[in-house]
Every structure is written in structure tokens, then in C-alpha cells.
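# Chains, contacts and geometry: an overview
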Amino acid sequence: MANIKSAKKRVLVNRTKAERNKAIKSGTKTAMKKVYAAIETGDKSVAEAELKAATKTIEMAASKGIYHKNNAARKVSHLSKAVNRMA
């Protein structure tokens, strides 16, 4: 453990931010899984609704700096492509 007060604070702040980032990433992954689950069932309207929710979650994570904007765009693109391929 650090001895300097500012270093101790950095350790605490970094831990807090890491937990927050982990929670947001987990929520994003869950939203993506919901889209793929809806695609598996074959219900396009549900898949589109889940896609809209997942897109919002991914873009919010990108705006917080958790994902790079290109990474977020790629995730949204892959999900959209999968939903559009449905019959």
C-alpha cells in the first residue's frame, strides 16, 4: 500500500472507477445477449426493441469512455446486421 496521501486516494478512486466500468460493461454485454436471444426465438419485433435498448446502452458506455467510439459503433453494427438478417 502507498504511503503518500495522494497515492492512497488514487488507489481508492481507481478501485471505484474500475467497479463502475465493470458494472457498465456487464450491463452492455447483458443487453447484447438479450438481442441475440430474441433473434434465436425468431421474433423480429422483440429483437428490434432489444436492439434499440442495447444501442442506447452501448452508446452511453462509449460516451463515458468505457468503450472507444469505433468499438461501440462496431458492436451496434454487428447487432443491427444480425437483426436485419432475420426473415
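Look a little higher up for the structure.
Our subject in this report is the structure included herewith. Quick caveat: nothing in here was measured; it's all calculated off a predicted structure.

## What about the overall build of the protein chain?
Within the protein chain, the secondary structure is distributed over 3 helices and 0 strands. Seen in sequence order, the protein chain has helices and strands lined up from the N terminus as α-α-α. Whereas a compact globule of 87 residues would reach a radius of gyration of roughly 12 Å, the protein chain reaches 17 Å, over 25% beyond that. Counting only C-alpha atoms and orienting by the principal axes, one finds that the protein chain spans roughly 60 × 20 × 15 Å. The proportion of buried residues among the 87 residues of the protein chain is 24%. Partitioning the contacts of the protein chain with sequence separation of at least 6, the portion at a separation of at least 24 is 65%.

## Points about the environment of Lys25
One can find Lys25 in helix α1 (residues 5–41). Separated by 25 residues in the primary sequence, Lys25 and Glu50 place their C-alpha atoms 17 Å from one another. When residues no more than four places from it in sequence are discounted, the contact partners of Lys25 are Ile66 and Tyr67.

## Some points on the environment of Val76
Of note, Val76 is situated in helix α3 (residues 69–84). Measuring from C-alpha to C-alpha, the distance between Val76 and Leu51 comes to 8.3 Å, with 25 residues separating the pair along the chain. Val76 has contacts with Thr55 and Ile58, leaving out every residue within four places of it along the chain.

## Considerations on a positive patch on the surface
On the surface, Lys5, Lys9, Arg10, Lys17, Arg20 and Lys64 cluster together to form a positively charged patch. With respect to the helices and strands, Arg20 occurs in helix α1.

## Considerations on the nonpolar core
Counting residues in each nonpolar core, the largest one holds 18 residues, and the members touching the most others are Val35, Ile39, Ala47, Ala54, Ile58, Leu79 and Val83. Only α1, α2 (44–63) and α3 provide two or more residues apiece to this core. Here Ile58 is in contact with Thr28, Met32, Ala72, Lys75, Val76 and Leu79, once residues within four sequence places are set aside.

## Looking at α2
For α2, built from 20 residues, the straight-helix expectation of 28 Å at 1.5 Å per residue is met to within 8% by its first-to-last C-alpha distance of 28 Å. Inspection of α2 places Ala47, Leu51, Ala54, Thr55, Ile58 and Ala61 among the buried residues, and these make up the whole buried set. In a view along the axis of α2, the buried residues occupy a sector of 130°, so they form one face of it. Turned more than 90 degrees away from the buried face of α2 sit Lys52, Lys56 and Ser63, all of them exposed. If you follow the buried residues of α2, they end up packed against α1 and α3. The first or second residue beyond α2 is Gly65, which carries a positive phi of 90°.

Reading the values: rules and limits
- By convention here, each chain's residues receive numbers from 1 onward along its written sequence.
- Confidence filtering applies because this is a predicted model: local features only for residues at pLDDT of at least 70, side-chain atom pairs given and counted only at 80 or more, and all residues used for totals across whole chains, interfaces and linings.
- Computation of side-chain values covers all heavy atoms of the structure but excludes hydrogens and water.
- Working definition: helices are DSSP H or I runs of at least four residues, strands are E runs of at least two. Numbering for both runs from the N terminus.
- Taken over C-alpha atoms, the radius of gyration is set against a globule rule of 2.2 Å times the number of residues to the power 0.38.
- Type-normalised accessible area, obtained with a 1.4 Å probe on protein chains alone, sets the label of each residue: buried when under 20%, exposed when over 50%, and partly exposed for intermediate values.
- Whether two residues touch is decided by their heavy atoms; if any such pair falls within 4.5 Å, the residues are in contact.
- Patches draw on residues past 30% relative accessible area with no salt bridge. Two like charges within 9 Å are joined, as are two nonpolar side chains (Val, Leu, Ile, Met, Phe, Trp, Tyr) within 5 Å.
- Computed by Shrake-Rupley with a 1.4 Å probe, the accessible areas treat only the displayed protein chains as cover when residues are assessed.
- By definition here, a salt bridge exists when the distance from a side-chain nitrogen of Lys or Arg to a carboxyl oxygen of Asp or Glu is within 4 Å.
- Note that His is not counted, nor are the chain ends; the positive residues are Lys and Arg, and the negative ones are Asp and Glu.
- The atoms used to mark charge sites are NZ of Lys, CZ of Arg, CG of Asp and CD of Glu.
- Put simply, buried Ala, Val, Leu, Ile, Met, Phe, Trp, Tyr and Cys residues joined by side-chain atoms within 4.5 Å make one nonpolar core.
- Take the residue count of a helix, subtract one, and multiply by 1.5 Å to get its expected span.
- What the arc covers is the set of directions going from the helix axis to the C-beta atoms.

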